[in-house]
Amino acid sequence: MIEEKEIHFLGSDCHNIRERRPVMADTVKKLEKRISAKGLERLLRDNPGKFLRKEYL
């Protein structure tokens with residue numbers, strides 16, 4: 001779904017940073033092998049920023 005640009009954000013189901021810390025580094029490393037650097041930047045930075053600014057994705 002990520003490769004088809006059907007997913008716009010990455011997230012975590014973390015509810016407590018002391019007991020269940022969000023460890024995204026492993027996920028990012030795996031994604032670096034599957035999608036372009038620009039695609040990864042879009043997921044991690046561009047799209048969340050657009051969402052917060054209420055801009056079209």
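Residues numbered from 1 in each chain as written. Predicted model: local features only at pLDDT ≥ 70, side-chain atom pairs only at ≥ 80, totals over all residues. Heavy atoms only, no water.

**Q** Would you mind going over the layout of surface pockets with me for this structure?
**A** A water-sized probe rolled over the atoms picks out the places where empty space is left. Of the voids in this model, the largest pocket is the one considered here, and its volume is about 180 Å³. Ile2, Glu3, Lys5, Ile7, His8, Ile35, Ser36, Gly39, Arg42, Leu43, Asn47 and Leu57 are the residues that line the largest pocket. (1 Å grid on protein atoms, 1.4 Å probe; cavity = no way out; pocket = protein on both sides within 12 Å on 5 of 7 lines; lining within 4 Å. Points joined across faces, edges and corners; volume = space filled by probe spheres on them.)

**Q** How should I be thinking about the nonpolar core in this particular structure?
**A** When a protein is soluble and globular, its nonpolar side chains tend to lie buried together. Within the largest apolar cluster, 5 residues are counted, these being Val28, Leu31, Ile35, Leu40 and Leu43. Put simply, the parts of the chain that give this core at least two residues each are helix H1 (25-34) and helix H2 (37-52). Here Leu43 is in contact with Ile2, Ile7, His8, Phe9, Leu10, Leu31, Ile35 and Pro48, once residues within four sequence places are set aside. (Core = buried A, V, L, I, M, F, W, Y, C linked by side-chain atoms within 4.5 Å. Buried < 20%, exposed > 50% of the residue type's maximum accessible area, 1.4 Å probe, protein only. Helix = DSSP H or I, 4+ residues; strand = E, 2+ residues; numbered from the N terminus. Contact = heavy atoms within 4.5 Å.)

**Q** Quick question: what am I supposed to make of the packing of aromatic side chains here?
**A** What characterises a pair of aromatic rings is the spacing of the ring centres plus the angle enclosed by the ring planes. For the structure shown, the criterion picks out 1 aromatic pair. Taking 5.6 Å as the distance between ring centres and 80° as the angle between the ring planes, the aromatic pair formed by Phe9 and Phe51 counts as edge-to-face. A residue pair is termed long-range when its members are at least 10 positions apart, and Phe9 in the segment before H1 and Phe51 in helix H2 qualify at 42 residues. When its relative accessible area of 34% is taken as the criterion, Phe9 is described as partly exposed. (Phe/Tyr/Trp six-rings, centres within 6.5 Å; stacked < 30°, edge-to-face > 60°.)

**Q** Whenever I open this one, H2 confuses me. Can you help?
**A** Side chains that are three or four residues apart share a direction in an α-helix, a result of its 3.6 residues per turn. In this model, H2 (16 residues) spans 22 Å end to end at C-alpha, consistent with the 22 Å of a helix rising 1.5 Å per residue. A maximum bend of about 45° is found in H2 at Leu43. Taken as a whole, H2 has its buried residues at Gly39, Leu40, Leu43, Asp46, Asn47 and Gly49. Turning to H2, the residues buried within the fold contact H1. Downstream of H2 by a residue or two, Lys54 has a phi angle that is positive, lying close to 60°. (Expected span 1.5 Å × (residues − 1). Bend = angle between axes of the 7 residues up to and from the residue.)

**Q** Any chance you could explain the packing of H1 against H2 here in plain terms?
**A** For any two helices packed against each other, one specifies the inter-axial angle together with the distance between the axes. At their nearest, the axes of H1 and H2 sit 9 Å apart, and the two run at 145° to each other. On the side of H1, the interface is formed by Val28, Leu31 and Glu32, while H2 contributes Leu40, Leu43 and Leu44. Tallied by class, residues from the contact of H1 with H2 come to 5 nonpolar, no polar and 1 charged. (Axes fitted to C-alpha atoms, helices over the stretch in contact; angles between N-to-C directions. Nonpolar A, V, L, I, M, F, W, Y, C, P; charged D, E, K, R; others polar.)

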